[in-house]
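# Close look at the chain arrangement
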Amino acid sequence: MELQLGLALAPPIQNPDKCLDLKICGFEPNEQVGSTPWTMSYDGASAKNEYYVKNKRSFIEAFGNVVEVEEGHTPKTTLPLVSWSDQPHEEKEDNCGRRKMCKRLIIERNQGVIVGWPPINSLRKKLLYQHHHHHQNQHGRIENNRTDESRPHSRSNSMYVKVKMEGVAIGRKIDLNLYHSYQTLKENLISMFSKNPRSELDVSANYTLAYQDREGEWLIAGDVPWRAFINSVHRLEILNNAGSVPSRTLIDEVAKRMRGPVIRVRSLVIPGNPGERIEVYADKLEATGHGANAK
Amino acid sequence: MAHSFPEEVLEHVFSFIDSDKDRNAVSLVCKSWYEIERWCRRKIFIGNCYAVTPRIMIRRFPELRSVSLKGKPHFADFDLVPEGWGGYVDPWVSAMGRAYPLLEELRLKRMVVSDDTLEMVSKSFKNFKVLVLSSCEGFTTDGLASIAANCRNLRELDLRESDVEDLGGNWLSCFPESCTSLVSLNISCLGSEWSLRNLSALERLVGRSPNLRRLRMNRAVPLDKLANLLRRAPYLVELGTGAFSSELHPDVFSNLSGAFSGCKELRALSGFWDVVPAYLPAVYTICSGLTSLNLSYAAVQSSDLVKLITQCQNLQRLWVLDYIEDSGLEALAESCKNLQELRVFPSDPFAAEPNVTLTEQGLVAVSEGCPKLESVLYFCRQFTNDALFTIAKNRPSLTRFRLCIIEPRTPDYITLEPLDAGFGAIVQNCKELRRLSLSGLLTDRVFEHIGTHAKKLEMLSIAFAGDGDLGLHHVLSGCESLRKLEIRDCPFGDKALLANAAKLETMRSLWMSSCSVSFEACKLLGQKMPRLNVEVIDERGPPDSRPESCPVNTVYIYRSIAGPRLDMPAFVWTMDEELALRLS
């Protein structure tokens, strides 16, 4: 059963100039909002609307990981289920929609995926996570605060890692908790980055997903079990199988590890099998420093 | 009339006028005052870096010494703005590098700063003194090394809450031995692992900075080093400790206690990561002088917190975790009669059950006992309309009130009603209220109250509230002083937005995410209002690949004389008709 959100969708505006100022249109503050013409219409066209409406709740839904709710699902008793019965100004359909929206939020809450709520910044969330590890370990000193400082990591909520795609200047940050397999991750990443999602070029097979683990090694994603991958991944990069121009990220990483600028990356060998290391052949300015991938 | 005073005299008079508002008023008197004023303005604050371009700023104010810029919208703090959205400071620094060689101060908030930019700052401005990077990102300790190495007269380096990538170098040692000008250093956001080389670099730096008055360290600085640092900087006014834990050892304790008692100027304390409660008494000797105490990283029980806080009778600001509980807040209300600002943060917001007894009672107690209270940020799990009535009645002087009930749409837990009336009382009684954040179960009625009474309100944050467009209409049509409005997950749609389009030009910005604003309305707004930038953020792909009536994920609207920006990433679309046509 798919969860349907009932949200007021506006019909096409007949007379844009007039309606810009609702006072001209006769908008009275006392008027019940939700009466015509701003009601929802369930005609044929809106069947598609509902799909998109469903997908609009938060950035999470954009990645296709829609929360599906059974009709008979009851939320946890610890969370307050709000009664909607005394909302006098509501349109019947809106009422229904909001109850479902509320349910959905509760479900989301159970899975800990309301983005950005409660409103605590990432620095504080990181520390909350570390506090909890401290208490759990029951030692005098902090045992397990070795979470990556550059990755905000809150306890049950989100696990953001940076993702870059070869050839795309601007990277993204994604929440790995939303995925459960390499397949879904890769597909969603590719559709996120590609300009034309329906293009033939943006097929999963044309791309390789690489990741940098905690030790700084760059590996092809796919060999270790998903859970192990989640625990060790630090950063992701999508490589285009067609052209092997190493991205800025890889070059920067190699440069950092060798403690100096890399003047030329000669070639990049992407192994065919997951789990094999990517080998970077590069000329460096200094002989000092060490980088496991540099040869 | 304008000729009766020579320019130099007017300029001298203007030099006493500091506030931006006054300066702006001066510049409107007549053309010659405008001209004189613009040549002698030294400081500028730009609340939205996309509202104006560097070129426009430089053209009007050719002699600035201090520039403050803000980039991303506030909700970026809560991961609601995708990475790559914008807020790059680089074009500003490039332009200023050429135009303002005498620039002394740069203050940035929520902007993307690169190491290259930092290097450019360090080399372009010979007299650079103050760098404040608040909630910024995109740079590493290498960038900091450039600043340290090249800014000969650096007075202030403040990295508050920025996301800095630690590359493991020893950037602190890049401050030359001859650098003795530091007054303020805040590196509290840096990592928790440091080598001995970093620590000794810090000690040496502190030791040769006789003017150092504000020092906020990061977690990596261990407690046993703190005493030495304090002895090198006994004139500190503000201190942020590192980790406040150590093996319990009487020597360490007495050493620390002695060091603290030598710091007679200390007024503000923060840090306190990993606190071992037994060490808290080391600060008792300076408690009576403290005006500001930030214990919001201290996971310590209420009784230990109370023992510390009750010694700070002059406390004006307290930030603390909800471990303090209602009982601790009651003790606070008894002891700290000068309290002006209270922030209570959640220690475990994601747990299903409350882990502490912190309820509306605590805040009510503080509102009763602290007559000077004006600023509140309070995270808790339950509230009542009655409690809000009481708080409003007790403290009509409130200027900032942010209540966050952790579970969205939580009603009054006794009556099960919405909290409309309670918040209504707040806006009605607190006539000087400038900032308000709402939570709990709320209908359109609360917005009616806000629109009617909150005439001085400048910033309003709304989440999971309201019934429909009427709510938004009340706010936009009623709140005369509104500058920033941020809304998430509310059923507000096109009607109110379009009806109040003109209002948006009087505000800095409006953020609406996960609401019911259609693509069509965004387009209409963008086309009809040339001085507004209407940007749609949607990671599902281009908004025109869906029906026009389909709601957009996020719309961010801000006034601008710069026109639509050109550095938008793939998931942001401008609704400016011309640009959209040009780019398509």
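Residues numbered from 1 in each chain as written. Chains lettered and ligands numbered in written order. Predicted model: local features only at pLDDT ≥ 70, side-chain atom pairs only at ≥ 80, totals over all residues. Heavy atoms only, no water.

Once that is clear, we can look at the packing of aromatic side chains. This model, assessed by the stated rule, comprises 20 aromatic pairs over all chains. For the pair tryptophan 85 of chain B and tyrosine 556 of chain B, a centre-to-centre distance of 5.8 Å together with 65° between the ring planes defines the contact as edge-to-face. Of this pair, tryptophan 85 of chain B sits in the loop between strand 2 (66-70) and helix 5 (90-99) while tyrosine 556 of chain B sits in strand 22 (residues 554-559), placing them 471 residues apart in sequence. Summarising the burial analysis for this pair, tryptophan 85 of chain B and tyrosine 556 of chain B share the class buried. Positioned over the ring face of phenylalanine 345 of chain B is arginine 124 of chain A, at 3.7 Å from the centre of the ring. (Phe/Tyr/Trp six-rings, centres within 6.5 Å; stacked < 30°, edge-to-face > 60°. Helix = DSSP H or I, 4+ residues; strand = E, 2+ residues; numbered from the N terminus. Buried < 20%, exposed > 50% of the residue type's maximum accessible area, 1.4 Å probe, protein only. Lys NZ or Arg CZ within 6 Å of the ring centre and 35° of its normal.)

All names here are of chain A. Judged by pairing direction, the sheet is mixed, and its five strands sit side by side in the order 2-1-5-3-4 without closing on themselves. Because the sheet does not close on itself, it has two edges, and the strands there are strand 2 (172-175) and strand 4 (218-220). Strand-to-strand twist across the sheet, computed as the mean angle between neighbouring axes with direction ignored, equals 30°. (Pairing = 2+ DSSP bridges. Axes fitted to C-alpha atoms, helices over the stretch in contact; angles between N-to-C directions.)

Helix-helix packing: each pair is described by the crossing angle between the helix axes and the interaxial distance. Residues and elements named next belong to chain B. In the contact formed by helix 1 (residues 7-14) and helix 3 (residues 31-40), the axes pass within 10 Å of each other and the chain directions differ by 60°. One finds that helix 1 runs oblique with respect to helix 3. Crossing of helix 1 over helix 3 shows right-handed handedness. Packed against helix 1, whose contacting residues are Glu7, Leu10, Glu11 and Phe14, the element helix 3 presents Trp33, Ile36, Glu37 and Cys40 at the interface. A per-class count over the contact of helix 1 with helix 3 returns five nonpolar, no polar and three charged. (Parallel < 35°, antiparallel > 145°, perpendicular 65-115°, else oblique. Left-handed = near helix turned anticlockwise from the far one by under 90°. Contact = heavy atoms within 4.5 Å. Nonpolar A, V, L, I, M, F, W, Y, C, P; charged D, E, K, R; others polar.)

Per-residue confidence for chain B averages 94 on the pLDDT scale, and 98% of its residues sit at or above 70. Model confidence for the complex: the whole-complex pTM is 0.72, and ipTM, which rates the interface, is 0.88. (pLDDT = per-residue confidence, 0-100.)

Moving on: the environment of valine 300 of chain B. Residue and element names in this part refer to chain B. The residue valine 300 is located in the loop between strand 12 (292-295) and helix 11 (302-309) in this model. In this structure valine 300 comes out as buried when scored by relative accessible area, which is 3%. In this structure, the C-alpha to C-alpha distance between valine 300 and isoleucine 324, residues 24 residues apart in sequence, is 8.2 Å. Leaving out residues up to four positions away in the same chain, valine 300 has contacts with Val275, Leu280, Leu305 and Tyr323.

Residues and elements named next belong to chain B. For serine 439, the location among the structural elements is in the loop between strand 17 (435-437) and helix 16 (444-453). Within polar-contact distance, the side chain of serine 439 engages the backbone oxygen of leucine 403 at 2.8 Å. Here isoleucine 405 takes part through its backbone nitrogen, which lies 2.8 Å from a polar atom of the side chain of serine 439. (Polar contact = N/O pair within 3.5 Å; in protein donor to acceptor, adjacent residues only side chain to side chain.)

On the surface, a cluster of nonpolar side chains totalling about 260 Å² of accessible area is made up of Phe5, Val9 and Val13 of chain B. Structurally, phenylalanine 5 of chain B can be placed in the segment before helix 1. (Patch = residues over 30% accessible without salt bridge, like charges linked within 9 Å, V, L, I, M, F, W, Y side chains within 5 Å. Areas by Shrake-Rupley, 256 points an atom, 1.4 Å probe, with all protein chains shown as cover. Salt bridge = Lys/Arg side-chain N within 4 Å of Asp/Glu carboxyl O.)

What follows is about the packing of helix 8 (residues 196-207) of chain B against helix 9 (residues 223-232) of chain B. Residue and element names in this part refer to chain B. Two elements in contact, helix 8 and helix 9, have axes separated by 8 Å at closest approach and are oriented at 20°. With respect to their mutual orientation, helix 8 and helix 9 come out roughly parallel. The element helix 8 and its partner helix 9 pack so that their crossing is right-handed. Every residue of helix 9 that contacts helix 8 at Leu199, Leu202, Glu203, Arg204, Val206 and Gly207 is listed here: Lys225, Asn228, Leu229 and Arg232. Residues that form the contact of helix 8 with helix 9 fall into these classes: four nonpolar, two polar and four charged.

Turning to helix 2 (residues 20-27) of chain B, a few remarks are in order. Residue and element names in this part refer to chain B. Regarding helix 2, the residues found buried are Arg23, Val26 and Ser27. All buried residues of helix 2 fall inside an arc of 95° around its axis, so they share one side. Residues of helix 2 that are buried make contact with helix 1, helix 3 and helix 4 (54-60). (Arc of directions from axis to C-beta.)

Counting 200 residues, the largest nonpolar core has Leu293, Phe401, Ile450 and Leu485 of chain B as its most contacted members. Once you skip the residues sitting within four places of it in the chain, isoleucine 450 of chain B turns out to touch Val427, Leu436, Leu438, Leu457, Leu460 and Cys479 of chain B. Counting residues in hydrophobic clusters, the runner-up holds 25 residues, among them Tyr179, Leu185, Leu189 and Met192 of chain A. (Core = buried A, V, L, I, M, F, W, Y, C linked by side-chain atoms within 4.5 Å.)

Let us look at the pairing of strand 21 (residues 532-537) of chain B. Regular strands show a simple pattern: their side chains alternate between the two faces of the sheet. All names here are of chain B. Here strand 21 lies mainly inside the structure; six of its six residues are buried. Taking every second residue as pointing to the same face, both faces of strand 21 are buried, with Leu532, Val534 and Val536 on one and Asn533, Glu535 and Ile537 on the other. As paired elements, strand 21 and strand 22 share six bridges and run antiparallel to each other. Bridge pairing in strand 22 links valine 534 to isoleucine 557. Note that strand 21 and strand 23 (residues 572-574) share three bridges and pair antiparallel. Looking at strand 23, one finds that valine 536 is bridged to tryptophan 573.

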